[in-house]
Amino acid sequence: MVRITNVALLSLLCAAALLAQQANSISHALFRVAPLAGVNFVLRNSPTSRKYLVETMPGGVALLDYNNDGLLDIFFVNAGRVRDPMVKPFDFDRNNSAYWNRFYRQNKDGSFTDVTEQAGLANAGETNYGMGVAVGDYDNDGYPDLYVTNFGKNILYHNNGDGTFTDVTARAGVAAGGWSVSAGFLDYDNDGKLDLFVTRYLDWSFEKSKTCGTGKATYCPPGEFPAISNILYHNRGDGTFEDVSVSSGIAALKGHGLGVAFADYDDDGFTDIFVANDVTDQFLFHNNGNGTFSEVGLDSGAALTNDGKMLSGMGVVFQDYDNDLKPDLLVTQLPHQPYVVFHNEGHGTFIPQELETGLGALSGKSSGWGVGLEDFDNDGWKDAFVVQGHVFDNVETFDSSLSYREPPLLAMNRQGHFEKGDPGSNVPVVGRGAAFGDLNNDGWMDVVATSLGDRPQFFLNRGGSAHWLTLTLRGTKNNRDGYGARVLVNGQLRFATASGSYLSSNDKRLHFGLGSADRANIEIVWPSRIHQNMTGVKANQFVVIEEPQGQ
Amino acid sequence: MIWYVLWFCLSPQTQSAEPLVPQEALVLLQAGADAERLRDLETAISDFRKASELAPTSGIAFLRLGNAYMEKRDYSAAIPALRKAAELSPGSLPVHQLLGFALLARGYAAEAIPHLEAAHEYGALGIAQLQNNRPAEALDNLQRALEKNPDDPDLLYYLSRAGSALSSQSLERLLARLPDSARGHQALGQNYYSLKMYDEAKQEYAKAISLRPDLPGLRLELGQVYAASSQWDKAEAQFQEEAALQPGNAEAAYRLGDALLQQGKMKEAAAELKRSDDLRPDMTETLYLLGKATAISEPALAEKTLSRVIELERDTILAGQAYFALAGIHRKLGKTAEAGKDMREFRRIQSLGDARSPRRP
């Protein structure tokens with residue numbers, strides 16, 4: 001007969017209590033979904049009977065603190081008016097205020113004020129159909145700048161530090177052209193200045209547009225149009241950028257780029273780039289450390305599904321979900337193909353593990369776009385949040401098991417295994433962009449999601465009793481945002497970046513859930529390979545960490 | 001080929017019934033036959049027409065005239081001549097054969113049937129019966145014709161059409177006479193499933209199961225509807241019940257294994273897939289999934305099963321996928337050289353055809 005000791009009995013009881021607690025946390029909505037006072041943005045994508053592919057793809061959202069008052073502000077990318085049919089000259093009525101991008105400043109009481117005009121962000125360009133946004137302090141002046149991608153010309157808005165922005169695109173030389181989608185700032189050569197990566201989707205135009213489908217017209221798959229290369233701009237440090245797409249090797253490959261995310265997956269000190277491609281092999285650009293990149297997706301195991309098939313990759317996040325201190329990839333895609341988790345095995349290799357992690361079973365029916373890996377319940381494990389909605393606005397007529405409008409997916413991370421969580425809303429929308437951040441500075445991560453033809457959704461974290469720590473990096477030798485730093489807190493890794501998701505830019509602060517720990521040990525490896533350690537840091541606070549000088 | 005040129009002579013009983021033909025008409029018939037041999041069909045037709053006018057009660061003259069039109073592929077013109085020949089020589093097999101062909105060629109399947117029956121032309125008869133919505137008889141006659149010409153593409157094509165038509169007809173009868181039977185609902189469920197109307201399909205299968213809970217196959221099919229709509233937990237439940245109902249059914253075990261795998265239940269999936277492989281060894285789909293299910297927990301077994309897939313499938317898409325899965329296992333085991341070799345094979349097979357086409361939507 002087995003003899004149960006008091007200690008063992010206590011352990012069993014504790015385990016049972018823990019399980020019950022976990023069950024409770026799953027059954028209760030983590031978020032309160034509510035509008036934010038003062039935010040009245042509507043993403044106007046203007047769907048037409050012509051099924052112009054561009055109209056089903058916007059739009060992005062960014063969380064940034066543009067005036068350094070400690071409060072997150074919100075920038076929404078609007079799309080534009082598309083006529084049915086579209087006739088020359090092709091413009092999108094962006095001077096009409098209904099189609100402006102919108103910028104909302106957060107007030108101290110948690111409400112927001114529309115400051116689009118006074119910030120100088122009303123002019124999005126008549127011939128630009130809006131897509132996404134990236135945020136980074138490219139001139140290291142302490143104020144975050146905005147880069148807006150378009151079908152058309154992209155725009156770089158320099159933050160003047162006085163509440164206004166100036167369009168510096170022409171001088172900076174970053175207008176690109178064609179159909180840009182997601183973008184992100186990174187310092188790929190560790191020279192302390194943020195460079196810029198832009199994904200492009202297709203070689204598409206209104207003249208080349210066509211519909212697909214038999215009997216019922218719908219949007220064409222990307223294979224109907226030529227693939228196109230992505231763009232890498234190198235920051236010269238004088239307010240201008242150089243297009244190094246060809247010399248860096250980035251332009252050597254053409255794909256159907258949508259999402260982009262950065263991480264140093266092989267810990268060689270240089271930031272690598274992952275591009276989520278739609279029905280093309282996924283691209284993993286390994287940074288060779290000499291200004292060039294090698295595309296290693298197929299050989300590393302991060303290009304195809306576990307059946308060796310192409311993904312319809314859309315959104316992507318590049319963070320460590322299983323706390324093995326190696327950044328993993330989560331790529332969202334179309335239904336009947338689960339979202340793919342490429343687990344970083346070390347030694348530069350990945351293995352698809354969506355089945356083993358349970359995420360596959362939660363995602364097979366859905367179309368995922370914006371995605372984040374954030375610790376929403378502060379238990380020390382990063383959870384997944386995906387905004388969803390199909391590409392086809394008539395998908396139900398093709399397959400009754402699918403829906404154009406979908407609620408988001410919240411997948412709670414239970415020590416590396418994902419379980420369905422309650423996001424607080426089952427209202428189906430046509431989700432696209434998503435940005436993650438702590439909107440009200442309560443130590444609990446929130447979500448802002450965009451929906452086609454609709455108002456954004458705000459998932460406001462209800463909070464709880466677990467501890468947390470949020471870090472703001474301030475580079476001195478490195479880029480001021482600290483992008484590219486590898487930050488370890490109590491056995492968890494975050495790669496410092498605002499990029500990831502789809503079309504969107506996240507709160508650049510690094511948030512860690514600490515569970516029951518009220519202290520934290522912090523280790524930062526700056527891109528310059530400077531190591532910085534802090535021990536016994538009190539939980540539940542925002543800490544600004546400046547890169548040490550002179551090491 | 002069903003349609004072939006018929007060189008014929010009249011059968012004895014027809015000859016005996018044939019009235020005397022004037023000498024002038026016989027000369028024309030001979031001239032027409034000579035012209036026909038020289039492929040001068042216009043002259044032949046002219047000669048045969050004149051002969052039929054000189055001998056209006058002669059079946060031979062009309063038969064030769066109809067045959068010449070048939071050779072010219074002018075079936076519309078052949079039909080009146082052949083009808084007259086049949087009237088004058090009702091016992092002539094060649095007349096029935098030609099008239100049956102001509103009528104069938106012009107779409108008069110119902111009228112063609114008695115003539116083709118009389119001529120014992122089973123292939124054309126089967127086609128006519130199929131077109132006349134008599135698939136069961138068509139199936140029999142086409143099979144008889146295929147015994148003589150087993151590789152005739154027309155016969156094979158129409159046989160497959162007859163099979164489909166018979167299936168549809170049986171289904172229609174089932175639904176018309178027994179709409180509320182378990183089989184009726186099952187048939188409707190299959191129809192909805194093929195149309196991707198999954199909700200309706202689920203309802204029909206649920207009705208079928210409520211009527212005949214003991215009927216094998218219903219849960220297997222319902223499970224596949226759930227699987228097609230990525231509802232793997234519900235698919236698993238159905239496959240579990242089917243596997244309990246039919247423990248010796250390898251497909252039920254395979255599909256249950258797949259449903260478990262899709263939910264990340266790797267251990268249970270592996271057990272079920274092993275059971276399926278025991279029941280029906282060397283099914284490559286089963287072995288492939290078993291390789292996936294055991295890739296992490298039992299890499300040696302995974303290597304073995306995936307290698308077996310490659311051995312059995314050689315250069316198919318599934319073999320390519322097996323190489324790809326093997327590459328992942330070898331990477332994980334640190335066997336980078338072997339992983340590289342696997343990927344080269346994967347690429348080679350991909351280059352043979354587009355093995356990676358994704359599904360949309």
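Data block above holds the structure.
Residues numbered from 1 in each chain as written. Chains lettered and ligands numbered in written order. Predicted model: local features only at pLDDT ≥ 70, side-chain atom pairs only at ≥ 80, totals over all residues. Heavy atoms only, no water.

Draft legend 1. Structural view of the sheet that holds strand β13 (residues 241-243) of chain A. Residues and elements named next belong to chain A. The antiparallel open sheet is built from four strands, whose spatial order is β10-β11-β12-β13. This sheet does not close on itself; its edge strands, each paired only once, are β10 (180-186) and β13. Taking the axes of each pair of neighbouring strands and ignoring which way they run, one obtains an average angle of 20 degrees across the sheet. Pairing analysis gives three bridges linking strand β11 (residues 195-200) to strand β12 (residues 231-235), with the strands arranged antiparallel. In the sheet register, Val 198 faces β12, and the bridge partner there is Ile 231. (Pairing = 2+ DSSP bridges. Helix = DSSP H or I, 4+ residues; strand = E, 2+ residues; numbered from the N terminus. Axes fitted to C-alpha atoms, helices over the stretch in contact; angles between N-to-C directions.)

Draft legend 2. Main features of the packing of helix α11 (residues 182-194) of chain B against helix α13 (residues 218-228) of chain B. Residues and elements named next belong to chain B. The N-to-C vectors of α11 and α13 enclose an angle of 20 degrees; their axes lie 11 Å apart at closest approach. With respect to α13, the element α11 is oriented roughly parallel. Note that α11 runs across α13; the crossing there is left-handed. Contact residues: α11 offers Gln 186, Gln 190 and Tyr 193, while α13 offers Leu 218, Glu 221, Gln 224, Val 225 and Ala 228. Here the residues of the contact of α11 with α13 are counted per class, giving four nonpolar, three polar and one charged. (Parallel < 35°, antiparallel > 145°, perpendicular 65-115°, else oblique. Left-handed = near helix turned anticlockwise from the far one by under 90°. Contact = heavy atoms within 4.5 Å. Nonpolar A, V, L, I, M, F, W, Y, C, P; charged D, E, K, R; others polar.)

Draft legend 3. Seen up close, the nonpolar core. In this structure, Ile74(A), Trp179(A) and Trp204(A) are the most contacted members of the largest nonpolar core, which totals 64 residues. Mapped by element, the contributors of at least two residues to this core are β2 (61-64), β3 (73-76), β6 (129-136), β23 (383-388), β24 (409-414), β26 (431-437), β27 (446-451) and β28 (457-461) of chain A. When neighbours within four sequence positions are excluded, Ile74(A) is seen to be in contact with Leu36(A), Val61(A), Ala62(A), Leu63(A), Arg102(A), Phe103(A), Tyr104(A), Phe112(A), Leu439(A), Val448(A) and Phe458(A). Counting 54 residues, the second-largest nonpolar core is a separate cluster that includes Tyr226(B), Trp232(B), Leu326(B) and Met343(B). (Core = buried A, V, L, I, M, F, W, Y, C linked by side-chain atoms within 4.5 Å. Buried < 20%, exposed > 50% of the residue type's maximum accessible area, 1.4 Å probe, protein only.)

Draft legend 4. Expanded view of the pattern of salt bridges. Counted under the stated rule, the structure contains 40 salt bridges over all chains. As a salt-bridge pair, Asp191(A) and Lys193(A) come within 3.4 Å of each other at their nearest N and O atoms. Among the salt bridges present, the one from Arg275(B) reaches Glu272(B), with a minimum N-O distance of 2.7 Å. On the criterion of helical spacing, the pair formed by Arg275(B) and Glu272(B) is a turn pair, its members being three residues apart in helix α16 (residues 266-279). Among the residues examined, Glu272(B) registers a relative accessible area of 14% and is labelled buried. Connected through salt bridges with shared partners, the residues Asp267(A), Arg486(A) and Arg529(A) form a single ionic network. (Salt bridge = Lys/Arg side-chain N within 4 Å of Asp/Glu carboxyl O.)

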